[in-house]
Amino acid sequence: MREWRLIYSEPMEGAANMAADEAILRAVAAKKQPPTLRVYGWNPFSLSLGYGQRIRDADLDRIIDNGWTLVRRPTGGRAILHGDELTYSVTLPEDHPIAAGGIIETYLRLSNGLMLAMERMGLNVQADPDGDEETGKGPVCFEVPSKYEITVGGKKLIGSAQLRRGGGVLQHGTLPLYGDIARICDALAYASEDTREQAKAQVRERAATMADAGLTVTWDMAATALAIGMAQALDIELEDGDMSDEELKEAEKLYTGVYTTEAWNAKR
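Structural notes, computed from the coordinates. (Residues numbered from 1 in each chain as written. Predicted model: local features only at pLDDT ≥ 70, side-chain atom pairs only at ≥ 80, totals over all residues. Heavy atoms only, no water.)

Digging into the overall build of the protein chain
Helices and strands together make up the secondary structure of the protein chain, namely seven helices and 11 strands. Here the protein chain has a C-alpha radius of gyration of 17 Å; the compact-globule value for 268 residues is 18 Å, and the two agree. Scored against the burial criterion, the 268 residues of the protein chain give a buried share of 55%. For the protein chain, restricting intrachain contacts to residue pairs at least 6 apart in sequence, the fraction spanning at least 24 positions comes to 75%. Per element, the accessible surface of the protein chain, about 11500 Å² overall, is 49% carbon and sulfur. (Helix = DSSP H or I, 4+ residues; strand = E, 2+ residues; numbered from the N terminus. Rg over C-alpha atoms; globule rule 2.2 N^0.38 Å. Buried < 20%, exposed > 50% of the residue type's maximum accessible area, 1.4 Å probe, protein only. Contact = heavy atoms within 4.5 Å. Areas by Shrake-Rupley, 256 points an atom, 1.4 Å probe, with all protein chains shown as cover.)

Re helix H1 (residues 14-29)
Over its 16 residues, H1 runs 23 Å from end to end, which matches the ideal 22 Å to within 8%, given 1.5 Å per residue. In terms of burial, H1 is largely enclosed, as 15 of its 16 residues are buried. One or two positions beyond H1, positive phi appears at lysine 31, with a value near 65 degrees. (Expected span 1.5 Å × (residues − 1).)

Thoughts on the side chain of glutamine 171
Within the secondary structure, glutamine 171 sits in strand E10 (residues 168-176). A relative accessible area of 1% places glutamine 171 in the buried class. One polar contact links glutamine 171 to glutamine 162, side chain to side chain, over a distance of 2.9 Å. In this structure, glutamine 171 is in contact with Tyr88, Ser89, Val90, Tyr107, Leu110, Ser160, Ala161 and Gln162, ignoring residues within four places of it in sequence. (Polar contact = N/O pair within 3.5 Å; in protein donor to acceptor, adjacent residues only side chain to side chain.)

What about helix H5 (residues 219-234)?
For H5, with 16 residues, the first-to-last C-alpha span of 22 Å sits near the 22 Å given by 1.5 Å per residue. Within H5 the residues assigned to the buried category are Ala222, Ala223, Ala225, Leu226, Ala227, Gly229, Met230 and Leu234. Its buried side turned inward, H5 meets strand E1 (3-8), strand E2 (36-40), strand E6 (85-93), helix H3 (103-120), E10 and strand E11 (237-240). Following H5 by one or two positions, aspartate 235 adopts a phi angle in the positive range, close to 55 degrees.

Re the sheet that holds strand E4 (residues 69-72)
Taking strand neighbours across the sheet as the criterion, the three strands line up as E4-E3-E5 in an open arrangement whose pairing is mixed. Pairing within the sheet leaves two strands with one partner each, and these edge strands are E4 and strand E5 (80-82). Strand after strand, the sheet turns through a mean of 25 degrees between neighbouring axes, direction not considered. Of the strand pairs in this sheet, strand E3 (residues 46-49) and E4 are connected by four bridges, and their pairing is parallel. When the bridges of E4 are listed, serine 48 appears paired with valine 71. The sheet strands contacting H1 are E3 and E4, and the helix crosses E4 at an angle near 25 degrees. (Pairing = 2+ DSSP bridges. Axes fitted to C-alpha atoms, helices over the stretch in contact; angles between N-to-C directions.)

Details of the environment of valine 203
Here valine 203 shows up in helix H4 (residues 193-206). According to the relative accessible area criterion, valine 203 is buried, its value standing at 1%.

Details of a negative patch on the surface
A grouping of Glu3, Glu239, Asp240 and Asp242 is seen on the molecular surface, where their side chains present a negatively charged patch. Position of aspartate 240 relative to the elements: it lies in strand E11. (Patch = residues over 30% accessible without salt bridge, like charges linked within 9 Å, V, L, I, M, F, W, Y side chains within 5 Å. Salt bridge = Lys/Arg side-chain N within 4 Å of Asp/Glu carboxyl O. Lys, Arg positive; Asp, Glu negative; His and termini not counted. Charge placed at Lys NZ, Arg CZ, Asp CG, Glu CD.)

A closer look at the side chain of serine 111
Mapped onto the elements, serine 111 comes out in helix H3. You can call serine 111 buried: its relative accessible area is 2%. When neighbours within four sequence positions are excluded, serine 111 is seen to be in contact with Ala127, Tyr148, Glu149 and Ile150.

A few points about the packing of aromatic side chains
According to the stated counting rule, one finds four aromatic pairs in the structure shown. With centroids separated by 6.0 Å and ring planes inclined at 45 degrees, the aromatic side chains of tyrosine 40 and tryptophan 42 adopt a geometry described as tilted. For tyrosine 40, a relative accessible area of 0% corresponds to the buried category. Ring pairing ties together the aromatic residues Tyr51, Tyr259 and Trp264, which thus form one cluster. (Phe/Tyr/Trp six-rings, centres within 6.5 Å; stacked < 30°, edge-to-face > 60°.)

Describing the packing of H1 against helix H6 (residues 245-259)
One way to put it is that H1 packs onto H6 with a least axis distance of 8 Å and a crossing angle of 130 degrees. Viewed along their axes, H1 and H6 adopt a mutual orientation that is oblique. Crossing handedness for the pair H1 and H6: right-handed. Contacts from Ala15, Ala16, Met18, Ala19, Ala20, Glu22, Ala23, Ile24, Arg26 and Ala27 in H1 reach Glu247, Glu250, Ala251, Leu254, Tyr255 and Tyr259 in H6. (Parallel < 35°, antiparallel > 145°, perpendicular 65-115°, else oblique. Left-handed = near helix turned anticlockwise from the far one by under 90°.)

The following block contains the structure:
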């Protein structure tokens, strides 16, 4: 249980990233692979919608005009624009001690690792025990922290979501490194440009990037800090690895059969 696989992935498009996460989930749930921490990026920028989010929240024309893509996540929550960030995924069998108790308990354990990583990079962060994303009414994930998500200076810094399926647990989350946190509003549908600008101002008030918090860090620096923080907080040993051939084949099937299809991405 202490020996985990650590995968550093090259930046990929949104559909490929979601297919990879789910392929790893299936392998770990079946005990074919050990618990896995995957760290990755996105290229090009991609808007991801939560599993139950309405497709009409997205402005498809603007997304295309910007050269971005759209994908629906297998996890819940609200929209995130992925680009200038580090994304992590933790995949566990559901009977692993870190997954014990339920979603909130697992969030708390993993938040400890995220906090250690941020503190290692010099940030004074908190895990909000009272956050509740359901209190927010907008389509943007970063407007309101959920329970035990990481905040800095009262602003949401890391957004995460969790899925339990088929005997496995997947939690993935995003750490914005730099750029305009409100760019997401350029991928969403609003009644008017005034409304869009108001939404951008609100996002900037409630969310932050690492740069906003006063730190300039590279993706590699953040990835190293994350791996060390998780290893210390969870008392695990991380061994560098890659996706297996079986996982890569499964990811390709999920990419073509699910995550690039209109039936999946526009289903709500």
